[in-house]
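Survey of secondary and tertiary structure
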Amino acid sequence: MKILRTLCTAAVLGLVAPAAAHAQVEPGGWTSYSPSFSEQERGCGQINGLSFQLTCSTASGDQRAERRYATYSSGTRQFEGSFRITSMTGSRISLKQTFNESGSGPFFMLAVENGGRLYRVGGDTLAGGATVGTTVRVNTVHQVGSAHRTYINGSLKHSMSSPGGSFYDKFGSYRTDSGRGPIQVQWSGVQFWRK
(Lines give C-alpha, C1' and ligand atoms only; values in the text may rest on other atoms or scores of the structure.)
Protein backbone atom coordinates (compact mmCIF):
# COMPACT_ATOMS: atom_id res chain seq x y z
CA MET A 1 0.00 0.00 0.00
CA LYS A 2 2.84 2.36 0.90
CA ILE A 3 4.61 1.62 -2.44
CA LEU A 4 1.39 2.26 -4.36
CA ARG A 5 0.88 5.56 -2.49
CA THR A 6 4.49 6.58 -3.29
CA LEU A 7 4.03 5.79 -7.02
CA CYS A 8 0.76 7.73 -7.13
CA THR A 9 2.41 10.73 -5.44
CA ALA A 10 5.37 10.55 -7.85
CA ALA A 11 3.03 10.40 -10.85
CA VAL A 12 1.08 13.43 -9.63
CA LEU A 13 4.33 15.35 -9.13
CA GLY A 14 5.55 14.34 -12.61
CA LEU A 15 8.47 12.34 -11.23
CA VAL A 16 7.72 9.07 -13.04
CA ALA A 17 9.67 8.87 -16.32
CA PRO A 18 7.43 8.95 -19.41
CA ALA A 19 7.16 5.85 -21.56
CA ALA A 20 9.55 5.63 -24.50
CA ALA A 21 8.30 7.44 -27.61
CA HIS A 22 6.94 5.24 -30.39
CA ALA A 23 6.22 5.97 -34.04
CA GLN A 24 2.64 7.07 -34.55
CA VAL A 25 2.00 5.07 -37.76
CA GLU A 26 3.10 1.69 -39.10
CA PRO A 27 4.52 0.44 -35.78
CA GLY A 28 7.15 -2.24 -35.53
CA GLY A 29 10.93 -2.15 -35.49
CA TRP A 30 11.44 1.62 -35.59
CA THR A 31 14.51 3.26 -34.05
CA SER A 32 14.31 6.93 -33.08
CA TYR A 33 17.10 9.19 -34.33
CA SER A 34 17.92 12.90 -34.60
CA PRO A 35 19.29 13.92 -38.01
CA SER A 36 21.21 17.17 -38.35
CA PHE A 37 19.55 20.10 -40.13
CA SER A 38 20.18 23.48 -41.69
CA GLU A 39 17.82 26.42 -42.17
CA GLN A 40 16.95 28.17 -45.42
CA GLU A 41 15.59 31.74 -45.51
CA ARG A 42 15.09 33.24 -48.96
CA GLY A 43 13.11 36.18 -50.25
CA CYS A 44 10.66 37.23 -47.55
CA GLY A 45 11.02 33.97 -45.59
CA GLN A 46 11.72 34.23 -41.87
CA ILE A 47 12.42 31.54 -39.25
CA ASN A 48 12.10 31.88 -35.49
CA GLY A 49 12.60 28.51 -33.80
CA LEU A 50 9.86 26.29 -35.21
CA SER A 51 7.85 29.24 -36.57
CA PHE A 52 8.14 29.75 -40.34
CA GLN A 53 6.66 32.67 -42.22
CA LEU A 54 6.48 34.37 -45.57
CA THR A 55 5.86 38.05 -44.92
CA CYS A 56 5.11 39.16 -48.50
CA SER A 57 2.43 38.50 -51.11
CA THR A 58 4.98 38.20 -53.92
CA ALA A 59 3.82 35.64 -56.49
CA SER A 60 7.26 35.19 -58.08
CA GLY A 61 10.80 34.42 -57.04
CA ASP A 62 12.16 32.16 -54.34
CA GLN A 63 10.15 32.79 -51.15
CA ARG A 64 10.92 30.23 -48.46
CA ALA A 65 11.53 29.59 -44.77
CA GLU A 66 12.44 25.95 -44.28
CA ARG A 67 14.35 23.46 -42.18
CA ARG A 68 16.30 20.92 -44.27
CA TYR A 69 17.38 17.63 -42.69
CA ALA A 70 20.33 15.33 -43.45
CA THR A 71 20.36 13.19 -46.59
CA TYR A 72 19.53 9.47 -46.49
CA SER A 73 19.79 6.89 -49.27
CA SER A 74 18.64 3.55 -47.89
CA GLY A 75 16.19 1.84 -45.59
CA THR A 76 12.82 3.12 -44.39
CA ARG A 77 12.42 6.54 -42.76
CA GLN A 78 9.48 8.05 -40.90
CA PHE A 79 8.96 11.74 -40.30
CA GLU A 80 6.36 13.06 -37.87
CA GLY A 81 5.44 16.64 -37.11
CA SER A 82 2.40 18.77 -36.36
CA PHE A 83 1.73 22.16 -37.87
CA ARG A 84 -0.67 24.94 -36.95
CA ILE A 85 -1.22 27.82 -39.37
CA THR A 86 -1.44 30.92 -37.20
CA SER A 87 -2.18 33.34 -40.06
CA MET A 88 -2.66 33.01 -43.79
CA THR A 89 -3.88 35.42 -46.42
CA GLY A 90 -1.84 33.77 -49.18
CA SER A 91 -2.43 30.37 -50.75
CA ARG A 92 -0.74 27.31 -52.25
CA ILE A 93 2.17 27.11 -49.83
CA SER A 94 4.24 23.94 -49.45
CA LEU A 95 4.55 22.81 -45.81
CA LYS A 96 6.44 19.48 -46.04
CA GLN A 97 8.69 18.03 -48.74
CA THR A 98 10.50 14.78 -49.41
CA PHE A 99 13.24 15.99 -51.74
CA ASN A 100 14.98 13.75 -54.29
CA GLU A 101 18.55 15.01 -54.13
CA SER A 102 19.75 12.62 -56.83
CA GLY A 103 16.76 13.33 -59.08
CA SER A 104 15.14 16.42 -60.50
CA GLY A 105 14.11 18.02 -57.19
CA PRO A 106 11.02 17.73 -55.01
CA PHE A 107 9.72 14.17 -55.03
CA PHE A 108 6.72 14.82 -52.78
CA MET A 109 5.34 18.22 -51.73
CA LEU A 110 2.44 18.63 -49.30
CA ALA A 111 0.87 22.06 -49.72
CA VAL A 112 -2.10 24.02 -48.38
CA GLU A 113 -4.57 26.35 -50.06
CA ASN A 114 -6.31 29.23 -48.35
CA GLY A 115 -9.41 27.59 -46.90
CA GLY A 116 -7.62 24.53 -45.58
CA ARG A 117 -7.30 22.08 -48.49
CA LEU A 118 -4.15 19.92 -48.19
CA TYR A 119 -2.90 18.53 -51.49
CA ARG A 120 0.08 16.97 -53.20
CA VAL A 121 1.61 19.52 -55.56
CA GLY A 122 0.87 18.20 -59.05
CA GLY A 123 -1.66 15.72 -57.67
CA ASP A 124 -4.77 15.09 -55.64
CA THR A 125 -6.38 16.46 -52.50
CA LEU A 126 -5.21 14.61 -49.38
CA ALA A 127 -7.43 16.24 -46.75
CA GLY A 128 -9.36 19.33 -45.74
CA GLY A 129 -9.55 21.18 -42.46
CA ALA A 130 -6.04 22.71 -42.33
CA THR A 131 -7.56 26.05 -41.38
CA VAL A 132 -6.01 28.85 -39.33
CA GLY A 133 -5.63 27.75 -35.71
CA THR A 134 -6.11 24.01 -36.35
CA THR A 135 -3.30 21.58 -35.48
CA VAL A 136 -2.64 18.91 -38.12
CA ARG A 137 -0.27 15.96 -37.69
CA VAL A 138 1.74 14.77 -40.70
CA ASN A 139 3.61 11.47 -41.00
CA THR A 140 5.55 10.40 -44.06
CA VAL A 141 6.95 6.88 -44.38
CA HIS A 142 9.55 6.50 -47.10
CA GLN A 143 10.94 3.15 -48.23
CA VAL A 144 13.79 4.18 -50.54
CA GLY A 145 13.43 2.41 -53.89
CA SER A 146 9.94 1.18 -53.06
CA ALA A 147 7.19 3.47 -51.70
CA HIS A 148 6.31 6.78 -50.05
CA ARG A 149 3.18 7.08 -47.89
CA THR A 150 1.61 10.14 -46.27
CA TYR A 151 -0.65 10.11 -43.21
CA ILE A 152 -2.75 13.05 -42.00
CA ASN A 153 -3.83 12.86 -38.35
CA GLY A 154 -2.94 9.16 -38.33
CA SER A 155 -4.92 8.17 -41.46
CA LEU A 156 -3.24 7.06 -44.69
CA LYS A 157 -4.08 9.66 -47.36
CA HIS A 158 -1.56 9.10 -50.15
CA SER A 159 0.79 6.43 -51.47
CA MET A 160 3.17 6.46 -54.42
CA SER A 161 6.12 4.43 -55.68
CA SER A 162 9.64 5.69 -54.96
CA PRO A 163 12.84 5.42 -56.95
CA GLY A 164 16.17 4.73 -55.33
CA GLY A 165 18.63 7.52 -54.70
CA SER A 166 19.37 10.17 -52.09
CA PHE A 167 16.57 12.05 -50.31
CA TYR A 168 15.97 14.47 -47.47
CA ASP A 169 13.03 15.86 -45.48
CA LYS A 170 12.13 19.55 -45.37
CA PHE A 171 9.33 21.44 -43.63
CA GLY A 172 8.35 25.06 -43.08
CA SER A 173 6.71 27.37 -45.60
CA TYR A 174 7.66 27.53 -49.28
CA ARG A 175 5.85 29.37 -52.08
CA THR A 176 4.85 26.94 -54.84
CA ASP A 177 5.01 28.07 -58.48
CA SER A 178 1.33 29.07 -58.31
CA GLY A 179 1.38 30.31 -54.72
CA ARG A 180 1.93 33.47 -52.68
CA GLY A 181 2.17 34.53 -49.03
CA PRO A 182 1.73 35.80 -46.46
CA ILE A 183 1.58 32.81 -44.15
CA GLN A 184 2.84 31.95 -40.67
CA VAL A 185 3.13 28.29 -39.62
CA GLN A 186 4.10 26.89 -36.24
CA TRP A 187 5.53 23.35 -36.20
CA SER A 188 5.82 21.09 -33.14
CA GLY A 189 6.43 17.48 -32.13
CA VAL A 190 8.99 16.84 -34.87
CA GLN A 191 10.42 13.31 -34.66
CA PHE A 192 12.25 10.86 -36.92
CA TRP A 193 12.54 7.07 -36.98
CA ARG A 194 14.28 4.55 -39.23
CA LYS A 195 14.45 0.81 -39.81
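Just so you know, these numbers come straight off a predicted model, no measurement behind them. (Residues numbered from 1 in each chain as written. Predicted model: local features only at pLDDT ≥ 70, side-chain atom pairs only at ≥ 80, totals over all residues. Heavy atoms only, no water.)

**Brief notes about empty space enclosed by the protein**
- Using the criterion set out here, one finds one cavity of 30 Å³ or more in the structure.
- Reported here for the largest cavity is a volume of approximately 30 Å³.
- For the largest cavity, the full set of lining residues is Y72, R77, Q78, F79, T98, T140, H142, H148 and D169.
- When contributions to the lining of the largest cavity are tallied by element, the ones reaching two or more residues are β6 (76-88) and β11 (135-143).
- Among the residues forming the lining of the largest cavity, the class breakdown is two nonpolar, five polar and two charged. (1 Å grid on protein atoms, 1.4 Å probe; cavity = no way out; pocket = protein on both sides within 12 Å on 5 of 7 lines; lining within 4 Å. Points joined across faces, edges and corners; volume = space filled by probe spheres on them. Helix = DSSP H or I, 4+ residues; strand = E, 2+ residues; numbered from the N terminus. Nonpolar A, V, L, I, M, F, W, Y, C, P; charged D, E, K, R; others polar.)

**Here's the deal with the confidence of the model for the chain**
- Here the chain averages 90 in pLDDT, while 88% of its residues score no lower than 70.
- Low confidence marks residues 1-21, where pLDDT is under 50. Its contacts with residues over four positions away, or in another chain, come to six contacts. (pLDDT = per-residue confidence, 0-100. Contact = heavy atoms within 4.5 Å.)

**Considerations on the side chain of R175**
- Relative to the helices and strands, R175 resides in strand β14 (residues 167-180).
- Despite its burial, R175 pairs with no opposite charge; the closest candidate is D177, at 5.0 Å N-O.
- A distance of 2.9 Å separates the side chain of R175 from the backbone oxygen of G61, its partner in a polar contact.
- A polar contact of 3.4 Å, which involves the side chain of R175, links it to the backbone oxygen of D177.
- Every residue in contact with R175, bar those within four places of it in the chain, is listed here: L54, T58, A59, S60, G61, Q63, R92, I93 and R180. (Buried < 20%, exposed > 50% of the residue type's maximum accessible area, 1.4 Å probe, protein only. Lys, Arg positive; Asp, Glu negative; His and termini not counted. Salt bridge = Lys/Arg side-chain N within 4 Å of Asp/Glu carboxyl O. Polar contact = N/O pair within 3.5 Å; in protein donor to acceptor, adjacent residues only side chain to side chain.)

**With respect to the pairing of β6**
- Taken across its 13 residues, β6 has 10 buried, putting it largely inside the fold.
- Inspection of the sheet shows β6 paired to β11 by nine bridges, in the antiparallel sense. Its bridge partner being in β11, F83 is matched across the sheet by V136.
- In the sheet, β6 pairs with strand β15 (residues 183-194) via 10 bridges, with the strands oriented antiparallel. Each bridged residue has a counterpart across the sheet, and for R77 the counterpart in β15 is R194. (Pairing = 2+ DSSP bridges.)

**Things to note about unusual backbone geometry**
- Each neighbour pair has its own omega, and for G181 with P182 the value is 0°, a cis peptide bond.
- Here P182 is to be found in the loop between β14 and β15.
- Of note, E26 is a non-glycine position whose phi angle comes to about 50°, a positive value.
- One can find E26 in the loop between α1 (2-12) and β1 (31-33).

**Comments concerning the environment of P163**
- Looking at the element boundaries, P163 is found in the loop between β13 (155-161) and β14.
- Distance in space between the C-alpha atoms of P163 and G103 is 9.1 Å, their sequence separation being 60 residues.
- Sequence-distant contacts of P163, defined by excluding residues within four places in its chain, comprise N100, F107, V144 and G145.

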